[in-house]
Amino acid sequence: MKRFGVLILLFSTAGIVTLAAQTKRIFTNPRPEPHFKTLFPNAVGFSAFGGTPLHYKVYGEDPKANPAAPPIGFIFWTTDVVPNERGYHGAIHFLVGMDTKGVIQNVVLDYNSEPYGYFSLDPPPFVAQFKNKSIRDPFRVGGDIAAVSRASITIASAARALRDSTRIMAKTFLTPDQVK
Amino acid sequence: MGLALSAVEGQPAADPWGFAEVAVETWAEILRPQSLDLALLVAFLALAVVSFMRKSVPLKLVTFAFAIGYMGFAKSYLISITNIFSALDWNWPVPKYNLAWYLFFGFTVVSTVLWGRLYCGRICAYGALTQALDVMLPARWRFEVPKAIEKRASFIKFGLLAALLGYYLLTHDLLIYQYVEPFWMFGMFGTTIMWSMLVVLLAVTVVVRNVYCRFLCPVGAALGLMSYLTVFKIKRWSECNTCKMCQKTCQWGAIEGPRILVTECVRCDDCERLYADTAKCPHWRIIEYNEKKVRVFTLQPVR
């Protein structure tokens, strides 16, 4: 009984400490720049990380040469836009590139701690299916999203994260007519 | 925890975005895709509990079949050391989208507090597999572990549990589960090393029955510790102080004279069926002798 009480105490302490830490931003890879080429191969400039939700703006023209150049897209972490979304074990860190027409350019899986991530999320075919995907699609696993494996909790969370984060970004920075 | 898809306050009634899903999900929309899952899980858990309550061997075997086939291969619903790691991280799946998982986890905790390691004995797909193997394989292939080794070996799982918790707190390496549990086998994805280790484990299990569950499973160790809270314990009588029939029958090393070792007992009910048997259990035979002066009992071979 005493043994059990000690275990409970240990778990509660660890839980409280971690809960307190949740109020901060989910820590992501601090140097995502190498992925930018994958997301927007034709971009020439990127803004600093900022805004609400946190994101990088992507430019087709050098913003120093033409300060009025509009962004051609956005790069953001799904963990910043939908911080409450979690898979089987924690948030899955996707870096997403979306253009100003609400079309996902590409998705990079930067980090996950899913027990079954190694055969569900990690293999390239999963993120590859989001390339050039419109955010108006239903994002239904088993429908327009192939599950790739039976790690259902993991895959469902990934699909939700990508669907909801891209739509929230569109609603914040774009207008309905821009997104076909 | 609602995910409001609209970032704009005071949105007009008609959503100008018109995305495929509605802006805020109703409970019906959240529940409908999960309803089949939930129904099947409830049905399986009911089957397991009924098989336990009725102390029925045929129902127990049916439970094993569904545990292996449905809970194991179809759904991979198993409690893993990763769930204990998640408890340390306070890091579990989103509840509203994973109700079946929470029901499964909740049932495991509640049933352990009520009855002990019932999860290990009836629900766990691997536990069902190892017990099904024990039923199907010849009894003469069994290697009876000497008592002295058996008692000490059962502590290995506690050491393993402690080591894994410490390891995880230091490294956050979730993937260590691949080398300390066989439950991934039901997902059918593994590296060559993992499959090789599994083959060795299964080969040993052929002769030392239930070897993983008894000596090596860290989840079993954790549930075993929780089993100190068991509400509905196995009944014992004064005759149990000297009779050793149940102790010799128990395949899990969970009986020591009058005492049931709750960390080892998985409620397989071999002993409960034995002591309910009025022809075999000395408790009943002695009562019958005192009432009717009949012979106490003819010596029966123990299984």
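Going by the structure above, here's the rest.
About the thresholds
Chains are numbered independently. Their residues run from 1 in the order of the written sequence. Here chains are named by letter from A upward and ligands by number from 1 upward, in the order in which they appear as written. Under the rules for a predicted model, residues below a pLDDT of 70 receive no local features and side-chain atom pairs below 80 are neither given nor counted, while totals for whole chains, interfaces and linings still include all residues. The side-chain figures draw on all heavy atoms in the structure; neither hydrogens nor water molecules are used. A run of H or I in DSSP counts as a helix once it spans at least four residues, and a run of E counts as a strand once it spans at least two, with each numbered from the N terminus. Exposure is judged per residue with a 1.4 Å probe applied to protein chains only, and the accessible area is read against the type maximum: over 50% gives exposed, under 20% gives buried, and values in between give partly exposed. Throughout, the Shrake-Rupley method with a 1.4 Å probe supplies accessible areas, and for residues the shown protein chains are the sole cover considered. Residues scored as positive are Lys and Arg, those scored as negative are Asp and Glu, and His as well as the terminal groups of each chain are ignored. To locate a charge, take atom NZ for lysine, CZ for arginine, CG for aspartate or CD for glutamate. It only takes one pair of heavy atoms within 4.5 Å for two residues to be counted as in contact. Note on geometry: axes are lines fitted to C-alpha atoms, helical ones only across the stretch in contact, with angles between N-to-C directions running from 0 to 180 degrees. Throughout this description, any angle smaller than 35 degrees is read as roughly parallel, any larger than 145 degrees as roughly antiparallel, any in the 65 to 115 degree range as roughly perpendicular, and the remainder as oblique. Each crossing gets its handedness from the near helix: less than a right angle anticlockwise from the far helix is left-handed, clockwise is right-handed. Here, expected helix span is obtained from the residue count minus one, scaled by 1.5 Å. The arc in question is the one spanned by the directions pointing from the helix axis to the C-beta atoms. Nonpolar side chains (Val, Leu, Ile, Met, Phe, Trp, Tyr) are joined into patches within 5 Å and like charges within 9 Å, using only residues with over 30% relative accessible area and no salt bridge. Put simply, a salt bridge is a Lys or Arg side-chain nitrogen that is within 4 Å of an Asp or Glu carboxyl oxygen. The buried area of a pairing is the accessible area, by a 1.4 Å probe, that goes missing from both parts when the two are put together, added over both. Each polar contact in these results corresponds to two N or O atoms within 3.5 Å; when the atoms are within protein, one needs to be able to donate a hydrogen and the other to accept it, and residues that are neighboring in sequence are counted only if both atoms are side-chain atoms. Pairing of aromatic rings covers Phe, Tyr and Trp, the last counted by its six-membered ring, and requires centre-to-centre distances within 6.5 Å; plane angles under 30 degrees mean stacked, over 60 mean edge-to-face, and any other angle means tilted. Each ring is checked for a lysine NZ or an arginine CZ that lies within 6 Å of its centre and within 35 degrees of its normal; such an atom marks a charge sitting over the ring. Pairing between strands is defined by DSSP: at least two bridges between them are needed.

Caption draft 1: How the structure looks around the overall build of chain B. Along the backbone of chain B there are 16 helices and two strands. With the principal axes as the frame, chain B shows a C-alpha extent of 90 × 45 × 30 Å. In chain B, which comprises 303 residues, the share counted as buried stands at 50%. For chain B, the computed accessible surface area is about 14600 Å², with 70% contributed by carbon and sulfur atoms. Of the charged side chains in chain B, 30 are positive and 21 negative; the average position of the first set lies 14 Å away from that of the second.

Caption draft 2: Focus on the overall build of chain A. When you go through chain A residue by residue, the secondary structure sums to six helices and six strands. The order of α-helices and β-strands along chain A, N terminus first, is α-α-β-β-β-α-β-β-α-α-β-α. A total of 180 residues make up chain A; the buried ones form 47% of that total. When contacts within chain A are restricted to residue pairs at least 6 apart in sequence, those whose partners lie at least 24 apart make up 57%. Total accessible area on chain A is roughly 8400 Å²; 63% of this is exposed by carbon and sulfur atoms. Between the averaged position of the 20 positive side-chain charges in chain A and that of its 13 negative side-chain charges there is a distance of 7 Å.

Caption draft 3: Highlighting the packing of helix α2 (residues 35-53) of chain B against helix α3 (residues 57-74) of chain B. Residue and element names in this part refer to chain B. One can describe the packing of α2 onto α3 by two numbers: an axis separation of 8 Å at closest approach and a directional angle of 150°. Judged by the inter-axis angle, α2 sits roughly antiparallel to α3. Taken as a pair, α2 and α3 cross one another with a handedness that is left-handed. Contacts between α2 and α3 involve Asp37, Leu40, Leu41, Phe44, Leu47, Ala48, Val50 and Ser51 from the former and Leu59, Lys60, Val62, Thr63, Phe66, Ala67, Tyr70 and Met71 from the latter.

Caption draft 4: Geometry of helix α5 (residues 99-115) of chain B. End to end, α5 of chain B covers 23 Å across 17 residues, agreeing with the expected 24 Å (1.5 Å per residue, within 8%). Turning to α5 of chain B, its buried residues number three or more, namely Ala100, Trp101, Phe104, Phe105, Phe107, Thr108, Ser111, Thr112 and Trp115 of chain B. Take α5 of chain B and look down its axis: the buried residues cluster within an arc of 155°, on one side only. Buried residues belonging to α5 of chain B abut α6 (152-173) of chain A together with α2, α3, α4 (81-89), α6 (118-123) and α13 (218-226) of chain B. Gly116 of chain B occupies a position one or two residues after α5 of chain B and carries a positive phi of about 100°.

Caption draft 5: Highlighting the environment of His93 of chain A. All names here are of chain A. Position of His93 among the secondary structure elements: in strand β4 (residues 93-99). On the basis of relative accessible area, His93 is assigned to the buried category, the value being 7%. Distance from His93 to Asp80, taken between C-alpha atoms, is 9.3 Å for residues 13 residues apart in sequence. Sequence-distant contacts of His93, defined by excluding residues within four places in its chain, comprise Ile26, Phe27, Thr28, Trp77, Thr78, Thr79, Val108, Leu109, Asp110 and Tyr111.

Caption draft 6: Up close: the environment of Asp137 of chain A. All names here are of chain A. By secondary structure assignment, the location of Asp137 is in the loop between β6 (133-134) and α6. On the basis of relative accessible area, Asp137 is assigned to the partly exposed category, the value being 26%. Once residues lying within four places of it in the same chain are set aside, the contact partners of Asp137 are Asp144 and Arg167.

Caption draft 7: Inspection of a nonpolar patch on the surface at higher detail. All names here are of chain B. On the surface, a cluster of nonpolar side chains totalling about 360 Å² of accessible area is made up of Val57, Leu61, Val135 and Met136. When contributions to the nonpolar patch are tallied by element, the ones reaching two or more residues are α3 and α7 (125-136). Counting through the fold element by element, Leu61 comes out in helix α3.

Caption draft 8: Geometry of helix α9 (residues 156-171) of chain B. All names here are of chain B. Given a rise of 1.5 Å per residue, 16 residues ought to cover 22 Å, and the 22 Å separating the end C-alpha atoms of α9 matches this to within 8%. By the burial criterion, the buried members of α9 are Lys157, Phe158, Leu161, Leu164, Leu165 and Tyr168. On an axial view of α9, the arc spanned by its buried residues comes to 125°, and they lie on one face. Looking at the buried side of α9, the elements it contacts are α4, α8 (147-153), α10 (177-180), α12 (211-216) and α13. Looking at the residues trailing α9, positive phi occurs at His172, about 55°.

Caption draft 9: Representation of the interface of chain A and chain B in the model. Across the boundary between the two partners, chain A contributes 41 residues, which contact 50 residues of chain B. Here chain A and chain B share an interface that buries about 4100 Å² over both sides, 61% of which is from carbon and sulfur atoms. Between chain A and chain B we count twelve residue pairs in polar contact (both at pLDDT 80 or more) in total. Looking at the side of chain A that touches chain B, the elements with two or more residues in it are α1 (2-22), α4 (117-120) and α6 of chain A. In terms of residue count, α6 of chain A provides more of the side of chain A that touches chain B than any other element does, nine residues in total.

Caption draft 10: Here's a closer look at the packing of aromatic side chains. One pass over the structure, following the stated rule, counts 27 aromatic pairs over all chains. Ring pairs connect the aromatic residues Tyr88 of chain A together with Trp92, Trp101, Tyr102 and Phe105 of chain B, which therefore count as one cluster. Between Lys133 of chain A and the ring centre of Phe139 of chain A, over which it is positioned, the NZ or CZ distance is 5.2 Å. Just above the ring of Phe52 of chain B sits the side chain of Lys55 of chain B; from NZ or CZ to the centre is 3.8 Å.

Caption draft 11: Geometry of the sheet that holds strand β3 (residues 71-77) of chain A. Read from one edge to the other, the open sheet built from six strands follows the order β1-β2-β3-β4-β5-β6 (chain A), with strand pairing classed as antiparallel. Taken across any chain shown, the strands that pair with only one partner, and hence form the sheet edges, are β1 (45-46) and β6 of chain A.

Caption draft 12: Quick look at the pattern of salt bridges. Residues and elements named next belong to chain B. Summed over the entire model, instances satisfying the criterion amount to 21 salt bridges over all chains. Between Glu264 and Lys157 there is a salt bridge whose closest N-O contact spans 2.9 Å. Taken together, the positions of Glu264 in the loop between β2 (259-260) and α15 (270-276) and Lys157 in helix α9 put the pair 107 residues apart, joining distant regions of the chain. Here the two residues Glu264 and Lys157 agree in accessibility, since each one is buried.

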